Structure formats: structure tokens, C-alpha cells
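# Results of the structural survey
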Amino acid sequence: MNKYYFTLAVVFFYAQILSAQTIINDYTPVTGYDPTCNSLIVTNATSFSTGDEVLVIQMKGAEIDTSNTSAFGTLKSLNNCGNYEINKVRVIAGNAVGLDYNLTNNYDYAAGKVQLVRVPRHSNYTVNSTHSCAPWNGSSGGVFAIIVSNTLTLNNNIDVSEKGFRGGANANNIFHTQYTRNQQDYCYPVNNFSGAMKGEGITEVSTNKQYCRGELYNGGGGANSTNSGGGGGGNGGAGGQGGDEWVGAPATAVGGRGGQAFAYNPSVNKITMGGGGGAGDVNDRHTSDGGNGGGIVLIFAGTIVGNNKILAANGEQGLDCSPSSSFQCNDGFGGGGAGGTILINAQTLSNINVHIAGGRGANLNTNSGAHAPGGGGAGGALLVNNASLFSNINFNFTGGVAGILTMGASTTNWGAKAGNQGDTTSNFIIPFASTPFNFSGLNASISDSVSACKTMTFRLTTSSSINSVDWDLGDGNTSNGATITHTYNTSGNYTIRAIIKTTGGCSDTLQKNIQVPDNNINETIIDSIIGCKEIILSSQNNGSKIKQYEWSLGDGNTDSTNPVSHRYNQPGTYNIQLIVTDSIGCADTINHSISFTNVLDYNITDSVIDCTKAAFDTVYVSGPKAASILWVFDDGNTSTSAPIQHRYQKTGTYLVKLIVRDTAGCTDTSSKLLALQQYPITIEASNDTQVCFKNETTLTAAGAATYTWTPQNALDNNKGASVIARPTETITYTVVGVDTAGCRGTDTVRVEVLPLPDIKISATRDYVTCDSPEVFLFASGGKDYEWFPEEYFPNKNSINPSVAPDLNTKFSVKGYDDYGCWNIVSLIIKAERMSKIFMPTAFTPNRDGLNDAIKPIVVCNFNFERMMLYNRWGELVYSTNDISNGWDGTYNGKTQDLGTYQYMITGKNDTGSDIMFKGNFVLVR
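The structure reproduced in this document is the subject of the present report. (Residues numbered from 1 in each chain as written. Predicted model: local features only at pLDDT ≥ 70, side-chain atom pairs only at ≥ 80, totals over all residues. Heavy atoms only, no water.)

### Here we look at the pattern of salt bridges
A side chain of one charge can pair with a side chain of the opposite charge when the charged atoms of the two come close. Applying the stated criterion across every chain, the model contains 18 salt bridges. The shortest N-O distance in the salt bridge between R118 and D26 comes to 2.7 Å. With R118 in strand β9 (residues 114-119) and D26 in strand β2 (residues 26-34), this pair connects stretches of sequence that are 92 residues apart. With a shortest N-O distance of 3.4 Å, E786 and K796 are connected by a salt bridge. With E786 in strand β54 (residues 784-788) and K796 in the loop between β54 and β55 (802-803), the pair connects residues that are ten residues apart, well separated along the chain. (Salt bridge = Lys/Arg side-chain N within 4 Å of Asp/Glu carboxyl O. Helix = DSSP H or I, 4+ residues; strand = E, 2+ residues; numbered from the N terminus.)

This is the structure:
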């Protein structure tokens, strides 16, 4: 490898092209790889077509030291980061892009941020408008690539400046006092106020390590607290360190470290984008993002006619700050992004200007003491295929200068460093994949099994990731899926085929001969009568072995045993059906008929005694005498006596049955309808009543032995002479009483539900402070009131009492209306314990006895510890820990000039937490 470094007599300055930019590439993230089909699995393949040439490139995946030490950011392994190659699209299936050639390199698809870029190929091509690329978004973009077989003519520029790795973003652009001075850490999680976000680089770390000054290899480190500057990004060279922390702190060198240089080597052949600059640390509402790095330009051409046009991949400067009417730039600011990478493979070229400069560190303007600017980004990398650098390439790969701090008429870098110049490397050849992919099949197999009668289950097994399986089942039917089940109409031999398609776009066809088994069942039924209406049935097997029997016995009963014994309830003819099933699920149906006769005959006599009681007896008609009897009273009760009296639980119509049996086991059943009528009784329920919403009332009834209340809504129970009702709306209850003879009566009670009063509570305000410790409360919507908690109310029945709580307190009022119904509402009065001081904005130390010294006045909740005063150059001119002392305008015995000075007052609030106030005041002569 030969490297060349040049100092140019003519400096070419990059000017941003304002016209619309032309993007000729398409991009998609790569999420996986199917080696069986040599296919890349992408997020979206809609912009790609068969025959396209594509760039496969891994943007990240390097491993660094992430310990919270000075070793943070040290490269452990590049892994596959920076690998790239040109290939060609063979086939597209959904989001799978099959490639013509085997991949030359290895790639980390899960964690390496691999992307696929469509690269247009032309015989000749002219750049007539500014060409660029999509900006890097964390998953894709940042690359311009073109292949020209003959001549590439530049009539306009190719510009991927600021399209590379992203600068650190400021996450804490608010006013806060939770910073830690002289913060020495190298990594910290987000929003801990100890440092700012690192610039993006070729590695990724967890959210707990994305902040503070350690670099992400070529990504610049974030600034540490308090108010130091972000480091510049790295690429061809190393980025510059960010400026030192705020002068009011120890002012140590804790700015973000510059990103490291990427080691370009043609034998290893890896490329990357420019690293992003780290963000500056802020606590006064400013935005201090680092600059983006430059992208990648990859050109493969026979001849390049440059026409003195520009190939640009400059880094972005850190975001500058100028003071507004409300805020000075009292914060640290971001580092510049590194220049990107331009790779040229050509046979001849002429008159090209290459701009791969690093971005400047952010500037700031303040007169309130030194705060940190950003470090400069490093220069990028120019890579060529020649053994030596083309003589007619003019290039600028300078590092970005450090940002400056402006205080009045003076300027300073305040510790910020410039980025280093970039790199040029020869013998860098773009890799084209050239070994054709040879598909050798999916190594799949078909298994089959009998799952039912003439029903087969087929399973396809393969180690590949299957997208679809289409089956030809050999009988004119088709199906799909890795596992299917199909029933054939007839048994026999069939040839089946499975057509397999993988997620990677490959396909294969398998074929198999199968045999569907035949049905061989030949059953007969044998019966034998063993008593009155009782029979034994058995099935005789003459063929296949039977696995299951299903008897339908003709009277609604079934059985699954063999043989089966069954007694019929009535004489008559019964049609019996048997369905038998063999071990493979084939079935056969056999029908059989049997007949029974019966001459036993009895009837029923009955008489009603009262509402729910009746008498029953048997009447012999003909046939054999009964050996046993059974009464079925249609209410769940039975008896074996005659004559018999039976009491029902309620009136109604009942179908009473008498079942008699002779000594042979034959039976006769007689039925009769019994109608029990109601004789009403008088029930007296309690009077209609009123009840407040959500309250309860007791309802009573008399005149019966038992009671049932309806509806049951809001009742504690619906049985008994006394129940408790808690209705939420007006309702009428009905009570049904039943006496000891089963007769019943009814009555009703109406319960009117009164609404609760609409009580409202308000206050003159919902908080008290040390300045205003008392508020007045107001109640409305009721007739009488009670306030709680009682210790705050000497007169708890007042309408508008006053309170002065020391803590956040919930106050409630209970209001009553004319009916005695009540409601409770509440509110919370907050006790705000803010610390507050007063500091004059000016004083006149002229010894006239008026306003000759300046000192703070504590308003409330602040325990003074120390006051420090600084002049506009950041020098400490006065310090005291006695609040009664003030500054008289002298320093080392000398009268100080009129002008603006800065104060910083520290102490604790009444909970012991640290508090700091800072600001400006004017000395007037």
C-alpha cells in the first residue's frame, strides 16, 4: 500500500450547491441471508429488479472497548464492518433478493447495519445536474455508486457532503442545575446531566454508554459536564478534542475526544463514511448538535472527464451559537463531522477536484465567562485503483479547524483542537463477485401416513426456510402447506408431487408413489331376548378388526360396547342400527329389527285436598297383577306406596305418572294431569318510602309463612319478612307471600330514590407559598356543611373558611340538602417549598452611603453557603461565605472598572438539596 500526502498551492473551497440534487441509487436494509438460495432478505425490494447490479456493504459492526476508562473507544475488532462488493440480482421473491454470484465477503446481518444499494450501469454517462445520495438514516443511505463501462463526463458535481454518520444530538437542551463539574467519565446513559451524546461511528453501544467524552471509534465523543465541547469525527485522520469545561468550574480538559482514524488498507479492502461530531454539554436551553460526517462516493469507469468539477464528501460543521435577546451562549457546543470517502476505479481521468475536508467545530459568542467550542472533524479518505495517485486530481482533505469562543473583542479555542488531515491510498480495487451461484436442490423429503379411512397425511421436511408448498395429490385435487391431509374417494395407488418455494426465491419439485388402503368390513348382528322388553345384542366380526362400535337402539338410547344388554320401557317394534369402525377409520352400517308385547294395565284416581296437596290411588284394569308400583309426581319426588297423599311446593299443572311392574319385569305406565289452583291470601307490606342515593331502607311484609321479593335489584336478599334495599333509582318492589297450605298473596312497596346534593368546592388558588401562606375555601350546593380534617377548621360548619397548610393537604366538605341527603367533595392544596433569593441588578460603590455594596437577600427556603463574583474575563474578584458581607467594588485593594460582572451563589434548600443561582449585575460609577 502506498499513501501520498500533498500540500496544494491552490486551495479549492467547497460551496454548497443550491440546485436540486439527483439521486440515482436505491437503498434497503438487509436483515438476513439464505445460503441455500444465495438470497439477501431485505426490508423492501420493490425498487430492485432482476438483472440489477447491486452494492452489498456493511456500515457498522465493529467491536470497541466500552469500559468507563480512558480505553473507551479502543478498537478490539473490525469484524465484518466495512466489507463491500458488487453483485447482480438473479431473482426477486417478495423481500428476498437472489444473487447471481456467491458472496465474496462475510456480513453481520443482525448487528452490522448491512444495506443493499442499486448501482446503475451505463455505457456512457454525463452528470448534468448535481448528483448526491440519500442521507444515512441509521439503516440505509449515505452512499453514491455508479458503474460506467466507457466514459463518465462531469458537467456538474457529485456531492455527498454531510450525508454520512450522524452528529450527536443534544438531549438536554433545557435550563437545569443538575450538572456535575469536572465530570471524568467516558460513558454515561441519556438524561443523567453528566454529559452529551457521542457522534455516530462504525460501532453501536447500549443506551447506558451513549453519552460523555469517550469516542465511538471514528465517532467523536460527547462533551462532559459542565459545558465542555464535543469532539470532532474521524475518518482518514483523527478528529480534534472538544473545548474545556466552563470557566466557573475547574475548567479541566473534559471535552469530547476526537474520533479515531480508520485504517484504510487495500489488502483488507474495507471502507466507511465520515464519523459524526459529538454534541456539546448544555444547561441553558441551547441546541449543540455535532456535525454529520461525509458519505461515500464509489465510481467505477473506463475514463472520467472531470471538467474541473467537484467530487465532494465534506463533513458538516458543529452547530454554531450566537446570543439572543434572552440568553447568552453559556453552554458547550458540538464538534465537526469528518470528511467522507471517495473511491475511484478508472483507467484514465482528467481534471477532478476532490473535497473531503472535515467540518469546523462549533463557535459561540458570550461575554459571561468562557464556555467550550467544538473540536474540528478530521479529513476524509481518497482511495484509487492506480499504483500511484492520479496526477490530475486536486484534492482538499484538511481537518476542520477548532471552534472559537468570542468574548468581546477577544477569541480563544478554550482547549478545542482542530481535526487532522485525511488520507490517500492507492491500489484500492472495488471487489466484484464473480463465482456463479450453483443451486443444488433443497434436500427435502416427503413422509406419508394413514390418518383415517382412505385419508392420508403428507408432511414435507427440509432444512430451508419455506415460503410455500403446492401439492398435486394424484387424483385431480391440489392443496398447499408444509403438512396437509387429504381423503381419497377410492383406495389404490397414486403419484403425488410437491412444488417447494423458499423465502430466498428457490424452488424444487419432489415426487412420491403412495398406496391408499381398502375397506374390508363384514359384520352381522345376533340378538337374544332374556326378559320382558330386555335383549342382548352382539356383533359378529367376519373381516377387518373392529376398533369402535356405535349402537343406536331404536328408543333414543345408544351404546358403544359389544355385546350390549338393553331393556326397553314400552312394548313395540324397534329398529336397531350398528356402525362399526376399523383401526384405519373405515366404517360399515348394519340394521336389525326386534319386537315386544305387554298386557299389564293400570289406571290412576286423584283428588285435590288444598292449594298444593292431592291424594292418589291405583285402579287395576286387566292383565297380570302388579308386583311393585312407582309414583312420579312431576316435581322431582317419587313414592312406592298406594294410596298416597303428596304436597307440592307451589300451585300449577303437573303430569303424574304411575309405573307398575309384574313378576316378569314387564311394566305399564299411566299418566294424569293434576291442576292445583291458587286461593289468594292478604299480604301487608310496609308503606311507600324515600331514601337518599346510595343509602338503604328496610322493607317488611306480614300475612304469610314465606316471602319472595322481586325484582331482586339492590336487595340484600329476596327471601324473608324483612329485607334491606339499596336502590340507585326509584323502583317498585313486589312481595309474594305463601302460607302453610301453599296459598299465596301479593303487595307492593315503592321506594323513591332522592338525588344527592351537587356540592361544589373551590379555593382562591390551589397552592400556598412562603410568600402567600393562606387560601380561602368555598362550598356551595347544600344547606349545611362540615369541613375535614377538623384540625384545620375551628368552625367546621363555615361556608368559606381559610387554611394555611404546611404540606400538600386534601381538604373535604360534606354538604347536606333539605332532605338530609349528603355528598362529599375534595380538593388538594399544595404547599410549594421553592427556594428564592433577591440579587440586585446593579450597585454604585461611590461611598455615598447608598447602594455601596452588593449582596443577596434570602426571600425564603434557602440556606446560604457561598457567593463568588467574576469579572468578564472569568477572574474571581470576590468570594464570601457570610451572607451579611457584600462586595464594595474593589479587588486586591484596587477600585474595579464599571461593567458587567457575573455572580454564582450556592447553598441548600430546606430539604438539604444543593441549590445554585447565577446571573449578571452591573457595577456603575
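### With respect to the state of the cysteines
Any covalent bond linking the sulfur atoms of two cysteines counts as a disulfide. Summed over all chains, the structure comprises two disulfides. Note that C321 is cross-linked by a disulfide to C329, the S-S spacing being 2.4 Å. Linking C321 and C329, the disulfide has an S-S dihedral of approximately -85° and is accordingly described as left-handed. Here C321 matches C329 in class, with each residue buried. Here C692 connects covalently by a disulfide to C821, the sulfurs 1.9 Å from one another. What sets the handedness of the C692 and C821 disulfide is the S-S torsion sign, and at about -90° it is left-handed. Here C692, found in strand β45 (residues 689-692), pairs with C821, found in the loop between β56 (809-816) and β57 (822-831); they are 129 residues apart in sequence, far enough to count as distant. An identical accessibility class is assigned to C692 and C821; each is buried. C81 takes part in no disulfide bond, and the closest cysteine sulfur, belonging to C133, lies 17 Å away. (Disulfide = S-S within 2.5 Å. Buried < 20%, exposed > 50% of the residue type's maximum accessible area, 1.4 Å probe, protein only.)

### Quick look at the nonpolar core
Grouped together as the largest cluster of nonpolar side chains are 65 residues, with contacts concentrated most on I344 and L382. Tallying contributions element by element places strand β13 (residues 143-154) first for this core, with eight residues. Ignoring anything within four residues of it in the chain, the contact list for I344 reads I299, I304, L311, L349, L382, L383, V384, N385 and I393. (Core = buried A, V, L, I, M, F, W, Y, C linked by side-chain atoms within 4.5 Å. Contact = heavy atoms within 4.5 Å.)

### With respect to the sheet that holds strand β8 (residues 96-99)
If you trace the six strands once around the closed barrel, you get β2-β3-β8-β7-β4-β9, paired in antiparallel fashion. Neighbour-to-neighbour, the strand axes of the sheet open up by a mean angle of 45°, direction not taken into account. As judged from the five bridges shared by strand β4 (residues 53-58) and strand β7 (residues 84-93), these two strands associate in the antiparallel manner. Looking at the pairing, L55 lines up with I86 of β7. (Pairing = 2+ DSSP bridges. Axes fitted to C-alpha atoms, helices over the stretch in contact; angles between N-to-C directions.)

### Things to note about the sheet that holds strand β17 (residues 364-365)
On the basis of which strands lie adjacent, the open sheet formed by three strands has the order β17-β20-β21 and mixed pairing. If you trace the sheet from one side to the other, it starts and ends with β17 and β21 (410-412), each paired once. Pairing geometry for β17 and strand β20 (residues 405-407), over two bridges, is parallel. Bridging from a neighbouring strand, L364 pairs with L405 of β20.

### Observations concerning the environment of V30
Mapped onto the fold, V30 is located in strand β2. Along the backbone, V30 and P643 are 613 residues apart, and their C-alpha atoms lie at a distance of 93 Å. Leaving out residues up to four positions away in the same chain, V30 has contacts with L40, I41, V42, Y109, V114, Q115 and L116.

### Side note on the pairing of strand β62 (residues 876-880)
Bridge count between strand β61 (residues 863-870) and β62: four bridges; the pairing is antiparallel. Along β62, the bridge assignment pairs M867 with T880.

### Focus: unusual backbone geometry
The omega torsion of the bond from A642 to P643 falls at -5°, within 30 degrees of zero and hence cis. The topology assignment puts P643 in the loop between β40 (638-639) and β41 (644-647). One non-glycine residue, N79, lies in positive phi territory at about 55°.

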